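Chain by chain, the residues run as shown.
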Amino acid sequence: MRIQVSAGGLSGATAKSGLLAIPLINGKGSSERGTSAHLTEVDRRSGGQLTALRAVGDAPSKRFSFSTAPAGSLPAEQLLFAGLGSAETLDRQAILRWAAAVTRKLAGRNVRRLAIDATPIVAALKGDAPALYANGGASFGAGIDARSKERLDAGVLAVELIVRGVIEGSFHEGLDGKSHVEAFPAPLELLEILLPTSCDLSAAKAAVRRSEIIADGTVRTKRWSNRPANEMPPLGIAEEARDRARAVGLRARIIGVKELERMGAGMLLAVGRGSDNPPCMVVLSGGAPRSKDPLGRRLAMVGKGVCFDTGGISIKPADGMEEMKMDKNGAIAVIEAAATVAQLDPGRVIHAVAACVENMPSGHATRPGDVVTALNGKRVEITNTDAEGRLILGDALHFAERDLGATHLVDVATLTGIVNSTFGGEVAGSCGTDPNFLDETHLAARRAGEVYWPYPLADAYMKNMDSWAGDFQNSGTREAMLIRSGLFLREFTTVPWVHLDIAGTAYRRANAPWAGRGSTGAAHSTLVELAMGGGVRR
Ligand code: BES
Ligand code: ZN
Ligand code: MN
């Protein structure tokens, strides 16, 4: 799909499109900023289509509701009025999802040229860019956002989100696995974004290229994470990662069982030993060894790559266990984020470490009560083999710090069921040891259109992990389960570290207007923004 931007409003289109999508935004703010004049033009040139829809109460005002209409003299074969909801709750995520929903709406139709009228979006964004990180309401996260002095060009922002949305919306989760699907994605050849005349076209064009690269990485994350465990064992991730590294100019190192044994990665090995598919650690690196990124950091992104989580000997109930093929989402996100960064800024210093393993029960599986020595020398009693994520991440985090010399660590994991039931599918959990770095991560997430919310690493709960057999245990009583998952990981870090728990946000069980069921690509875009410095206040 070719992507073009023009800055001539509705008259800017270079050619007639198959479909022109027009966002409808509610609220007084948008009309004050001249959107109503723009919609008057749409109405007039379409021959009164908007008036006609309004007369029968059919103008889609709700977010993700749609109405098609004839285009009249507008440069399109058809119009799609697409509700973007109220201006008060408009944020980056809403615009991204809106563009994806518009694209998914075209599935099964023969639309080759899609045009999107960005004027109402730019008008709604104007001057408000710093505040537009909210999710589900203007006040969400406002405290964090208000401290950012950043002012982004509203046209550039609109282009970024529309491009990402359309590319993500073109992905069909069924095409890799099914031999038949009902509605194929539209065969889009051209996306044309119609900006108002005031927009900076060269900045918008640069934003197109950047957003294409990011969206491509997010789609790859979804596609790869959706693969079932029989097709994607730990060494399968390693092979794919090696190919990806070669394609984008990253160095790849695959650390197999022999070397993990020599190193003493006792926790990763303990989780892997129950499976016939051996574990491994995948390390992708960019930039000159030992050097730092432009922010003076050596950032390592560490991901949980549990190809399948049966729970091990502490086995999970059968119902819903098939979802545990998604337990590798964190690993895929860090690998793809490193690949995206390498494309956006070749030679930038970045590391991705994926701890890949399959958690199975068997005759040689780890037993509850086994005590192992972690890579950092701590003695850990494994009281619950289903709390495996923290075990493999602990070794991977320590490796990143000790062997890669990471100055900053961020890990991503589908770590706990409790974050899923508490925060749900829209908000992920976060915690960390350095307030500034945590803050930067939250800001990067908001730039990317994702939401993370912090929970406290209250020291007092360390005692719930007391062990009489080792230094501490990996599970413990039910009290403060979420906090303890973070406290456990903290034992394996000494530099600024952030943990992102995406157990709720990594995959969806049902279709949404903006995305099909399956992996959401969670954390990929946030990691990219964080690595590219998008979380630093300007
Ligand atoms: N992979 C699971 C967490 C999970 C649950 C992810 C549901 C997505 C949806 C993780 O390895 C796990 O089993 N966690 C346990 C930890 C407990 C045994 C301390 C949990 O959260 O129940
Ligand atoms: Zn797990
Ligand atoms: Mn588990």
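Residues numbered from 1 in each chain as written. Chains lettered and ligands numbered in written order. Predicted model: local features only at pLDDT ≥ 70, side-chain atom pairs only at ≥ 80, totals over all residues. Heavy atoms only, no water.

## Regarding the coordination of the zinc ion (ligand 2)
- For the zinc ion (ligand 2), the protein coordination sphere consists of K304 (NZ), D309 (OD), D327 (OD) and E388 (OE), at 2.0 to 2.4 Å.
- Read in sequence order, the donor residues for the zinc ion (ligand 2) give the motif K-x4-D-x17-D-x60-E.
- Taken as a pair, the zinc ion (ligand 2) and the manganese ion (ligand 3) show a spacing of 3.2 Å, with D309 coordinating each metal. With D309 in strand β9 (residues 299–309) and E388 in the loop between β12 (379–382) and α13 (389–402), the pair connects residues that are 79 residues apart, well separated along the chain.
- Of the residues examined, E388 reaches a relative accessible area of 1% and is grouped as buried. (Donors = N, O, S within 2.8 Å, 3.2 Å for Na, K, Ca; no water. Helix = DSSP H or I, 4+ residues; strand = E, 2+ residues; numbered from the N terminus. Buried < 20%, exposed > 50% of the residue type's maximum accessible area, 1.4 Å probe, protein only.)

## With respect to the site of ligand 1
- The environment of ligand 1 is formed by 16 residues, the closest being K316, D327, D386, E388 and G417.
- Contact between ligand 1 and D309: an oxygen atom at 2.9 Å from a side-chain N or O atom of the residue.
- When its residues are assigned to classes, the shell around ligand 1 shows 5 nonpolar, 4 polar and 7 charged. (Near = heavy atom within 4 Å. Polar contact = N/O pair within 3.5 Å; in protein donor to acceptor, adjacent residues only side chain to side chain. Nonpolar A, V, L, I, M, F, W, Y, C, P; charged D, E, K, R; others polar.)

## Observations regarding the pattern of salt bridges
- Summed over the entire model, instances satisfying the criterion amount to 28 salt bridges.
- K316 is the partner of D386 in a salt bridge, and the nearest nitrogen-oxygen pair spans 2.9 Å. Here D386, found in the loop between β12 and α13, pairs with K316, found in the loop between β9 and α12 (329–344); they are 70 residues apart in sequence, far enough to count as distant.
- Given the relative accessible area of 23%, D386 is considered partly exposed.
- K316 gets classed as partly exposed once you look at its relative accessible area, which sits at 23%.
- Salt bridges sharing common partners tie together E160, R210, R447 and E529. (Salt bridge = Lys/Arg side-chain N within 4 Å of Asp/Glu carboxyl O.)

## Some thoughts on the coordination of the manganese ion (ligand 3)
- Donor atoms from the polypeptide that coordinate the manganese ion (ligand 3) comprise D309 (OD), D386 (O), D386 (OD) and E388 (OE), at 2.1 to 2.2 Å from the metal.
- One can describe the donor arrangement at the manganese ion (ligand 3) as irregular, given that its 6 donor atoms subtend angles of 69 to 167° at the metal.
- Read in sequence order, the donor residues for the manganese ion (ligand 3) give the motif D-x76-D-x1-E.
- For D309, a relative accessible area of 3% gives the class buried. (Tetrahedral: all angles 85-135°; square planar, octahedral: opposite > 155°, others 65-115°.)

## Quick word on helix α17 (residues 524–531)
- Among the 8 residues of α17, 8 are classified as buried, and the element is accordingly described as predominantly covered.
- Listed as buried for α17 are H524, S525, T526, L527, V528, E529, L530 and A531.

## What about the sheet that holds strand β14 (residues 428–432)?
- Strand order across the open sheet formed by 8 strands is β7-β8-β10-β9-β13-β17-β14-β15, with mixed pairing between neighbours. Looking at which strands have only one partner, the edges of the open sheet turn out to be β7 (251–255) and β15 (452–454). Between one strand axis and the next, the sheet turns through 20° on average, direction left out of account.
- Pairing analysis gives 5 bridges linking β7 to strand β8 (residues 280–286), with the strands arranged antiparallel. Of the residues in β8, the one forming a bridge with I255 is M281. (Pairing = 2+ DSSP bridges. Axes fitted to C-alpha atoms, helices over the stretch in contact; angles between N-to-C directions.)

## Remarks on the side chain of K222
- Along the chain, K222 falls in helix α8 (residues 201–226).
- With a relative accessible area of 5%, K222 lands in the buried category.
- In this structure the side chain of K222 is engaged in a polar contact, spanning 3.1 Å, whose partner is the side chain of E168.
- Once residues within four sequence positions are removed from consideration, K222 is found in contact with E168, F171, S519, T520 and G521. (Contact = heavy atoms within 4.5 Å.)

## Re the domain arrangement of the chain
- Looking at the chain, the domain boundaries give domain 1 (2–222) and domain 2 (227–531).
- One C-alpha centre belongs to domain 1, the other to domain 2, and the line joining them spans 34 Å.
- Contact residues are listed per partner, giving 30 residues for domain 1 and 34 residues for domain 2.
- Each partner contributes to the roughly 2900 Å² buried at the junction of domain 1 and domain 2, and carbon and sulfur atoms together form 56% of this total.
- Between domain 1 and domain 2 we count 2 salt bridges in total.
- Of the charged contacts, one joins E426 and R97 as a salt bridge, the two residues approaching to 3.0 Å between their closest N and O atoms.
- Those elements that place two or more of their residues in the side of domain 1 that touches domain 2 are α4 (92–105), α6 (142–146), α7 (154–169) and α8.
- Of all the elements, α8 adds the most residues to the side of domain 1 that touches domain 2, at 9 residues.
- Looking at the side of domain 1 that touches domain 2 residue by residue, the class counts come to 10 nonpolar, 7 polar and 13 charged. (Domains from an automatic or database assignment. Buried area = accessible area lost by both parts, 1.4 Å probe.)

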